[in-house]
Structure formats: C-alpha cells, structure tokens
Amino acid sequence: MIKSTSQIRQEFLNFFHSKGHQIITSSPLILPDDTTLLFTNAGMNQFKDIFLGQKKPKYTRITTAQRCLRVGGKHNDLEKVGYTARHHTFFEMLGNFSFGDYFKQEAISLAWELLTSSKWFGLPKDKLLVTVYADDHDTFKIWEKKIGLPLERIIRIGDNRGSAYASDNFWQMSETGPCGPCSEIFFDHGAHIKGGLPGSTDEGGDRYIEIWNLVFMQFNRKSNGTMIPLPMPAVDTGMGLERITAVLQNVHSNYNIDLFQKLIQSIIQITGTTKIHDKSLHVIADHIRSCAFLIADGVLPSNENRSYVLRRLIRRAVRHGYTLGAQKGFFCKLVSPLIHVMDESAETLKRYQNKVEQVLKTEEEKCDKTLEKGLFLLNQELSKTSDDTLNGETLFRLYDTFGFPIELVEDICRERHISVDKVGFTLAMKEQRQRARNASGFHTNYNNVLYITHKSEFKGYDCLQLNAVISIVIVNEEIVDTIYAGQDGVIILDCTPFYPEGGGQVGDQGTLTAHNHTCFIIKNTKKYAQAIGHIGTLTHGRLSKGDTVLAQVDKENQISIRLNHSATHLLQAALRLILGPKVTQKGSLINAQYLRFDFSYDQPMTQAETREVEAIVNKQIRRNLPIEVHIMELNKAITLGAMALFTEKYDQYVRVLKIDDFSIELCGGTHAQRTGDIGLFHITSESGSASGVRRIEAVTGEEALSKIYHPYDALSDIAQLLRVNHRNLYKKVSSLIDCVQTLEKKTQNLQHQQAIQESLLLRKKAIEIKNIQIVISHVNVSEPKILRILVDNLKHHLGSAIIVLATISNGKVSLVTGVTKDLTHHTTATELLKYLAKQIHGKGGGSQHLAQATGVNIEALPTALTNVKSWISDKIKII
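Conventions adopted
- Residues numbered from 1 in each chain as written.
- Predicted model: local features only at pLDDT ≥ 70, side-chain atom pairs only at ≥ 80, totals over all residues.
- Heavy atoms only, no water.
- Helix = DSSP H or I, 4+ residues; strand = E, 2+ residues; numbered from the N terminus.
- Contact = heavy atoms within 4.5 Å.
- Areas by Shrake-Rupley, 256 points an atom, 1.4 Å probe, with all protein chains shown as cover.
- Lys, Arg positive; Asp, Glu negative; His and termini not counted.
- Charge placed at Lys NZ, Arg CZ, Asp CG, Glu CD.
- Buried < 20%, exposed > 50% of the residue type's maximum accessible area, 1.4 Å probe, protein only.
- Polar contact = N/O pair within 3.5 Å; in protein donor to acceptor, adjacent residues only side chain to side chain.
- Patch = residues over 30% accessible without salt bridge, like charges linked within 9 Å, V, L, I, M, F, W, Y side chains within 5 Å.
- Salt bridge = Lys/Arg side-chain N within 4 Å of Asp/Glu carboxyl O.
- Domains from an automatic or database assignment.
- Buried area = accessible area lost by both parts, 1.4 Å probe.
- Arc of directions from axis to C-beta.
- Pairing = 2+ DSSP bridges.
- Axes fitted to C-alpha atoms, helices over the stretch in contact; angles between N-to-C directions.
- UniProt positions renumbered as here; feature names shortened; annotations may be inferred.
- Phe/Tyr/Trp six-rings, centres within 6.5 Å; stacked < 30°, edge-to-face > 60°.
- Lys NZ or Arg CZ within 6 Å of the ring centre and 35° of its normal.
- Core = buried A, V, L, I, M, F, W, Y, C linked by side-chain atoms within 4.5 Å.
- pLDDT = per-residue confidence, 0-100.
- Disulfide = S-S within 2.5 Å.

> How should I be thinking about the overall build of the chain in this particular structure?
Helices and strands together make up the secondary structure of the chain, namely 22 helices and 35 strands. Counting only C-alpha atoms, the chain reaches 110 × 75 × 55 Å along its principal axes. Considering only contacts in the chain between residues 6 or more positions apart, those separated by 24 or more positions represent 67%. Entry remark: accessible area of the chain is about 42,000 Å², with carbon and sulfur atoms responsible for 49%. Where the 102 positive side-chain charges of the chain centre and where its 93 negative ones centre are 4 Å apart.

Take a look at the structure:
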C-alpha cells in the first residue's frame, strides 16, 4: 500500500520517537529572536542557540517536521519553482538532532534503518548511495564497515567550491561559527533518467536525487579559518518531506505526490482551466503554501523585507492564475483545500483561516491594478524588442515604478523566448539594493556572538534593588576580568532586578554601585541567551568579576513602564470588544513615556470607535481590579483563553497575567499591582503602520492628564487672543470664517476683473504667424493662477490661437501654455511647455490644450519668450 504524505511525515516522527527522541513542533516561518534569518530555512534554525553553545538543551535527542521557506539569499531559486521537479519555496524538513548524545555511527545507523527496514520505509538498498567529505575517514568507515555499503556507492567529495572546507559535503551555518562534515544519501531513480553520479560532470541530471543530509557539527570556524573542536559535537539532519514522499510513492516529480496532486485538482476546479498540464498549476500550488503560512505566522504584504517577499509570491501566483483563465479573487479560495491536504501540519492555518483569506483577497485586488499597468508597459516594450532581449532599464522601471516582481517579467519573457538584461537591471538597482542590505539586518558574523552559557536569575518581579555578584564583564565584545572608569561595557550578574528588553517592553535603566563611589550607569538591559546583560558606562572606579555590587533599578522609570504595560493589556482586550476577535497583536513598544500597540485590522478606526476603546480602558482602571500573575502549563493557559503571540517561543510553563474577567494573556513583563494604579489612559494617535495593520499610541497617568489638558490650554489661548470667553468661542470663530469667505469671494472677483482687463490688452498684442494668431507675453498679475483664467479667456475671445503667458512670483517663473483644439495637429500645450520649461529649469505638465510649469531661472525668461516665436513658426505646417 502506498503511504500518503501525512503518513510518511508521522512515520518519520514515530520512528525517532521510538528511538528516544522528543517530538518538537514546528517553529513559525519567522523566528522573532533571530535577526540573522529572513525566514526559517532549515530544521536546525530553532535550535541555533544550542548549536552556538548559548543555551542548554532540554532534551539531548529531538525530532521535528519543520516548515521551511527558501526565497532569497543563497537559496534563491524562485524562477525555477514550478518549472523543475523538486524546487519549492515552501517545504517541510524532516530532521533528527543529537546534542552531545550520539554522533556519527548512531546517526548513520538510524538513517539506514528508517530508510531500508521493511518495518519502516523499506527502500531497496541497491538504490541508495552516499557522499562523504573527502577527509572524513570516520564516516567513510562507518558506511563501509558498519553498514556494509559497497565501495562504489560511497563517493568522496573534496573542496569542490574553490577553497578549504568549501565543499558540498562540508556544512556551515555561516562564514564563521558551528560547522562540520556531512554525509548525503541519494536515491537512484534509474538508468532511464539522465544524470551522472554526485561529483561527476553531469551530476545536475535527475537520476540521482539527494533525499537526506546528515550533518556532523564538530567544529567552530573562526574568522581566520581556524577550526576549533566544539565542546559538544552535535548531529543535525534534514530530509525533504516532498522528496522522500516522491520516492516512496514511485513518482519522479514532487508535484506528482498525493499532496500536490490534490491541491492541483482544487486549483483546476477553482480556476476552471482546461490547461491541466500547464506549469502554472505547479507555481500556484507551491506559492499558496508559502503565502498562507507566512500570513498565519504574522507576515503581511508590503514593500519591505519579508513583507515584500510575500507580496512578490502573491503577485507571481496571481499572474500565473490569470494565464490559466482564472477569475479575479481565485487565490484566497485555495486556503480551504490547502488546509485539507496539509492535514495535521495545518493547525496554525486553521486557527487563522479567515485572516489569511482576507489578506490574500485584499492583496489580489491591489495586484490587479499593478498587473494591468505593468503588463501594458511590458507588452509595449516587448513589441519593440528587436534583439530578443528586454533591456535592463525597462526591467528596473517595471520594478521601481509598478512594484512589478522581476520573477514575473522573467516568467513572461521565458514564455515568449525572450531573455532579460539582468546586468543592466543590477546596475540600475545597485544603490537601492545597498540601502536595503544595510537596513535589513539579516546577516551576522557568529564569532561576534559571545558564547555565554551563564544563567542570570531575574528577581525584578519582587524587588527593584539587591546585592549581586558580577559573573561576567564584557568590553569591546570581549570577555575581560575588569572594566575601568570611562569604559563602555556589559556586566552580567548572578541575579538581577533589571528587566531585560523583550516582549515589546524596553530594558530597565539604573545603576550598579560598589565601594569607593564606584558607579556603573546602566542605559539598557538585554538578554544574552540565558544571561541578562547590563549595558552602560563605568563613571568612577573599577569593577571586576567576583565583585559584589548594589543593583538599583531607576524606580520612577520602571513604575511608568509597569503602568504602560498593564494599560497595553487593557487596550488589547478593549479593541477586541469593539472591533471584534479578528484583532490580534502585531507588535508593541512599552517605555516610560508612552505605549505603542500594533494590531491586525484592515481599515482606520472611526473617532467614535477610538473614544469607545479609550472609555472602556478607563472604566477598567476605575474598577481598580487586581492584576494577578499565575504560573501554569502552556496548554492549560491556552485552554483558559490566554492570548498569546504565535511567533513567540514559550516554555512548558508560562507566566499568565489575569485582570479579572476582562483580560488574560501570556506575558513575562512587569506590571502594576492594580488597574487603578494606571490612573488615566489617553489615546494620542491611531494610524496605519503596514497593509492590514493599525497602530495606536497612548499615554497613562500624569502624562495622559497633561495631554488632555493641552487642547484646553490651547483653546484658552485662542479665546484670549479673540477676546471672548469659552462659551462664545464657537460663535466668534464661525463669524471669522464667514468674514474670511466673504473676503475670498471679493478677492476672486477682483482677480477676475483684473484678468478681463489684462485679457483686453493681450488680445491687442496678438500677432499672426502663418495665418495663426499667437499671444506671447510676460504679464504682471497678483497670483500665478490668474494666468490660467487669462488663457481660457483668450481662447474664448480669439477662437483659434496658440498662447504663452508668464509671470514672476515669489522668486520663480510661472508659465501657462494654451492651444485651441483646432490647432493641436501643429503642436500641443504640453509640447510647447516642455520646450519652454527646459530653458527656465522648470517642471510641469498638463493636457494637449492647457499646461503649466514653474521654473527657477528668471534670467532666462526673456530669451525663452523671444525664441518661442520661431519655434512655433517651425511647428506650423502650411496646409
């Protein structure tokens, strides 16, 4: 019986569970504590702190089925997705991990048993072959002596990428950091398929397919290339679920496995296409998985970083849908069938299904407009192409002006057998890409990450000062014995009352003091793995490892933070009451001055909604409710209805903050004891921060009172200025507005009269060039906008004419050109304007009948008006 994708996933996990491995659920596609990764791209990502030695593992044996996304960086094969048998943006990585437990021999034995045992996957042994790193003799011997694999099916791969340890069989997390040799297991699909052995010149064929990579992390690579043995060698393996499923279901392409076939059938049904073998079906089937899970994991489409990747994927999928003949709004309808085919791994998707569908629907509507404009331009340019290459300038314009993903252009050009000028595009994009690279932050040197295994005990929930012992001193990113006066550094204590930055709450500030007036001013507090680092400057004396210090948190600052944090919880509950349960937290910032709360909502709040939310929060404050803290198991907390950020990593036991029956959330931050301590809550602004995300900023306590008083103080000043009391202020302002409107009408009448008088004079100045009336004049008017009135008036009275009027106002030249309808076959107002604007260093635009511009080169105006006569004469064609 052929196993389904879901059965294969579960069988993998069951096998390793039977071998003593703890099954760990997949982490999100976004790891919030890891700024080095754009997306989760391998099973080991969520265990990176363990591999780096910064965190002790809870379990020494682990197995996972990890959701992964590879779109960007060294794993950027987006243009191949849908057109090859095995490229994907989204895939599931099956893996088993050992942290200081077993190593090479047991890892290889376990892999071989799972793959070949009739109790498990039961693959024929003669269909399997392996590669090993050329210098990894231990692994070679295990395959030969312990497993009994024939020598011709064990292939040594050396440094085939141009430098030491640069090999397909030497894995490293980055240019520095944990690394080690790996052994890849390949499946032979048969001689009827083209392709040579791994390491051969024709290895790029599809006969031998890598199904599993066993990585033996045993070194830490320094920046100078030195390899230092890790204190705890580890095993990290990865096997693509889709690849092994293709093997076990006896199909060659991943897109022919049951999961994709069911999804493709749903796409055919929803789009109504008759192109049942079109590669666009593969693209859409791949991209709906990426897009749906990204949105469920908290990413929303926009034009920056991860969000732009999501937007590109949606636009590419939608474009392919339209080539199949799909109707608008088809993409979001694929979420439900996706949940069905993903089975147990789609729990997150089920929870956020409505949100995912709405985001996809909204983005597709935006995509329609972009596609329409971009495709029109692209088709125009392709029709002009004579050398079978689309130039880089057009490629850049499509990308920069219309947000048109380059992959879409490549897809369309590929279909028409036209190449694209990527070199020209790269040159045009160089500056923007550099800025984006500097801003993204998705890079790191792991040798700059300190290997801190120390654990600090946080006691800030119960006290704001205590005596502590210095455990570690860091200066210039190096662990030292002593820090001296004038030096900046990080000090780690055995215990601390300082809250470290996290969960949206800023780190505490304060001081560390010791004998002889020694003082370390703490500007911020952050986590370093399981340690808490106090970042600041030593102003007096010196401090060394082992010294005892008095750690004192800035009490007033911390109290303000507590009040704002508790108010944030009340705010979220109030928003869900007024706007509905679809509201979920997207981010927050809590400091001593104010709070900021980002939440999912697809339209601006009304003033009434904002006031109602503010009123509800203040009602809970007046109730003076106790703010309770409970420690409980995560599952129990979720069952009780505790709100949680899905992208956060939670331990088995969590801290639950409960405010009566109004709010219950998972939270590790510091809080007030009762809601009444907050005093007052006031929303200062409500705005959009991204597509589908709104942002509220608010203040509490004395700051809120000050903000509320401010408009009343301003009204008092206005009332005093107008010499009326508050009761008569509205009446006085209304009277002034009426007066201003009356004066404006009088001004308009005067301007109109001025235009009529000026128009009479200009009509007399009209000249004829080739039997056509021409008016060219520098006029003195009170407002540049009168020029338009003059042009319209002249057109009306002259009937047929070409008009150029200019004036100087506020140090600039203003130009208006006009051409009556009967003369636009000679020239247009915009063409005429363009000729003049260039001379006065100006910019402008308009229609073929009326155009206007402003320029800064006043001295050039007389010459420009003189020259324009001959220019017009040249344009007039004698009929």
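> Quick question: what am I supposed to make of the side chain of T700 here?
Mapped onto the elements, T700 comes out in strand 29 (residues 693-700). Residue class for T700 comes out buried when judged on its relative accessible area of 8%. At 2.6 Å, the side chain of T700 and the side chain of N564 are in polar contact.

> Any chance you could explain the side chain of N793 here in plain terms?
Locating N793 in the fold gives a position in helix 20 (residues 786-798). Excluding residues that lie within four positions of it along the chain, N793 makes contacts with I756, S759 and R763.

> Is there a simple way to explain a nonpolar patch on the surface in this structure?
On the surface, V629, I631 and Y653 cluster together into a nonpolar patch covering about 310 Å² of accessible area. With a relative accessible area of 38%, V629 lands in the partly exposed category.

> Could you clarify how one ought to interpret the domain arrangement of the chain in this entry?
Size of an interface, as often reported, equals the accessible area lost when the parts are brought together. Along its sequence, the chain is carved into domain 1 (5-256), domain 2 (258-383), domain 3 (385-438), domain 4 (457-553), domain 5 (600-708) and domain 6 (759-877). Computed over C-alpha atoms only, the centres of domain 2 and domain 5 are separated by 34 Å. Residue-level contacts link 9 residues of domain 2 with 6 residues of domain 5. Interface of domain 2 and domain 5: buried area, both sides summed, is about 630 Å²; carbon and sulfur atoms make up 59% of it.

> What's the story with helix 21 (residues 829-839) in this structure? I'm lost.
Regarding helix 21, the residues found buried are A829, L832, L833, L836 and A837. Buried residues in helix 21, looked at end-on, bunch into an arc of 125°, giving them a common side. What points out from helix 21, more than 90 degrees from its buried face, is the exposed set K834 and K838. As for helix 21, its buried residues are in contact with strand 32 (802-809), strand 33 (812-819), strand 34 (842-846), strand 35 (850-855) and helix 22 (861-875). Looking one or two residues beyond helix 21, the residue adopting positive phi is H841, at roughly 55°.

> How should I be thinking about the pattern of salt bridges in this particular structure?
Any two side chains of opposite charge can pair, so long as their charged atoms come close to each other. Taken as a whole, this structure holds 16 salt bridges when the rule is applied. The closest approach of N and O atoms between D101 and R61, which form a salt bridge, is 2.8 Å. Placement of the pair is D101 in the loop between strand 3 (90-99) and helix 3 (104-116) and R61 in strand 2 (residues 61-69), with a sequence separation of 40 residues. A relative accessible area of 37% means that D101 is categorised as partly exposed. Given a relative accessible area of 15%, R61 falls into the buried group.

> Explanation requested: the sheet that holds strand 26 (residues 653-659) in the structure shown.
Hydrogen bonds along the backbone pair up the strands of a sheet, which may run parallel or antiparallel. Pairing within the open sheet is antiparallel, and its 3 strands lie in the order 25-26-27. Each edge of the open sheet carries a strand with a single partner, namely strand 25 (627-633) and strand 27 (663-666). The average undirected angle you get between the axes of adjacent strands in this sheet is 25°. For strand 26 and strand 27, the ladder comprises 4 bridges, and the chain directions are antiparallel. Each residue of the ladder has a partner; that of L657, found in strand 27, is E665.

> Before we go on, may I ask you to explain the UniProt feature "binding site: Zn(2+)" (unreviewed entry) in the chain in this structure?
Summarizing the sequence annotation, UniProt attributes the feature "binding site: Zn(2+)" (unreviewed entry) to H565, H569, C667 and H671 in the numbering used throughout. A stretch of 107 residues holds the annotated residues, and the largest C-alpha distance among them is 10.0 Å, short enough that they meet in one place. Here H569 lies in helix 15 (residues 555-579). Judged by relative accessible area, H569 falls into the buried class, the value being 3%. When neighbours within four sequence positions are excluded, H569 is seen to be in contact with L657, I659, S663, E665, C667 and H671.

> Explain the sheet that holds strand 28 (residues 681-690) here, please?
Strand order across the open sheet formed by 4 strands is 23-24-29-28, with antiparallel pairing between neighbours. Unpaired on one side and paired on the other, strand 23 (585-590) and strand 28 mark the two borders of the sheet. When the angles between neighbouring strand axes are averaged without regard to direction, this sheet yields 15°. Strand direction decides the pairing type here: strand 23 and strand 24 (residues 595-600), joined by 5 bridges, are antiparallel. Counted as the bridge partner of G587 is D598 from strand 24. This element, helix 18 (residues 701-722), spans strand 28 and strand 29 of the sheet and lies at about 100° to strand 29.

> Help me understand the packing of aromatic side chains, please; the structure alone is not making it clear to me.
Each aromatic ring pair is specified by the distance between its two centres and by the angle formed by the two planes. For the structure shown, the criterion picks out 20 aromatic pairs. When the centroid spacing of 6.4 Å and the interplanar angle of 10° are considered together, the rings of F97 and F99 count as stacked. Note on F97: relative accessible area 0%, which makes it buried. Of the aromatic side chains, those joined through ring pairs into one cluster are F12, F15, F16, W120 and W212. Lying across the ring of F140, R156 places its NZ or CZ 4.0 Å from the centre. The cationic tip of K355 hangs over the ring face of Y352; the distance from NZ or CZ to the ring centre is 5.6 Å.

> Help me out: how do you make sense of the nonpolar core in this one?
As a rule of thumb, nonpolar side chains are buried together in soluble globular proteins. Of all hydrophobic cores here, the largest spans 53 residues; its most connected members are L294, F331, L349, V356 and L360. Listed by contribution, the elements that provide at least two residues to this core are helix 6 (258-271), helix 7 (280-296), helix 8 (305-323), helix 9 (335-342) and helix 11 (353-384). In terms of residue count, the dominant contributor to this core is helix 7 (10 residues). Lining this core are residues from two domains, each supplying at least three of them: domain 1 (5-256) and domain 2 (258-383). Setting aside anything within four residues of it in sequence, one finds V356 in contact with A292, I295, A296, V335 and L349.

> Got a minute to help me understand the confidence of the model for the chain in this structure?
Reading predicted coordinates in detail is not appropriate for stretches of low pLDDT. Looking at the chain as a whole, the pLDDT averages 87, with 93% of positions reaching at least 70. Note on residues 433-449: pLDDT under 50 across the span, and 31 contacts to partners over four residues away in sequence or across chains.

> Before we go on, may I ask you to explain the environment of H454 in this structure?
For H454, the location among the structural elements is in the loop between helix 14 (422-440) and strand 12 (457-458). Sequence spacing of H454 and I472 is 18 residues, and the spatial spacing of their C-alpha atoms is 8.5 Å. Discounting residues that sit within four places of it in the chain, H454 has contacts with S471, I472, I492, L493, D494, Q530 and A531. Polar side-chain contacts of H454 include one of 3.2 Å to the side chain of S471. In terms of polar contacts, H454 uses its side chain to reach the backbone carbonyl oxygen of L493, at 3.4 Å.

> I keep staring at the environment of L408 and nothing clicks. Help me out?
Along the chain, L408 turns up in helix 13 (residues 406-415). Here the alpha-carbon distance between L408 and G546, two residues 138 residues apart in the chain, equals 61 Å.

> Sorry if this is basic, but what is going on with the state of the cysteines here?
One way to say it: the disulfide is the covalent bond shared by the sulfur atoms of two cysteines. Throughout the structure, instances matching the rule amount to 0 disulfides. Free cysteine: C332, not disulfide-bonded; nearest cysteine sulfur from C291 at 12 Å. Left without a disulfide partner, C495 is nearest to the cysteine sulfur of C463, which lies 8.1 Å away. In this structure C495 comes out as buried when scored by relative accessible area, which is 9%.

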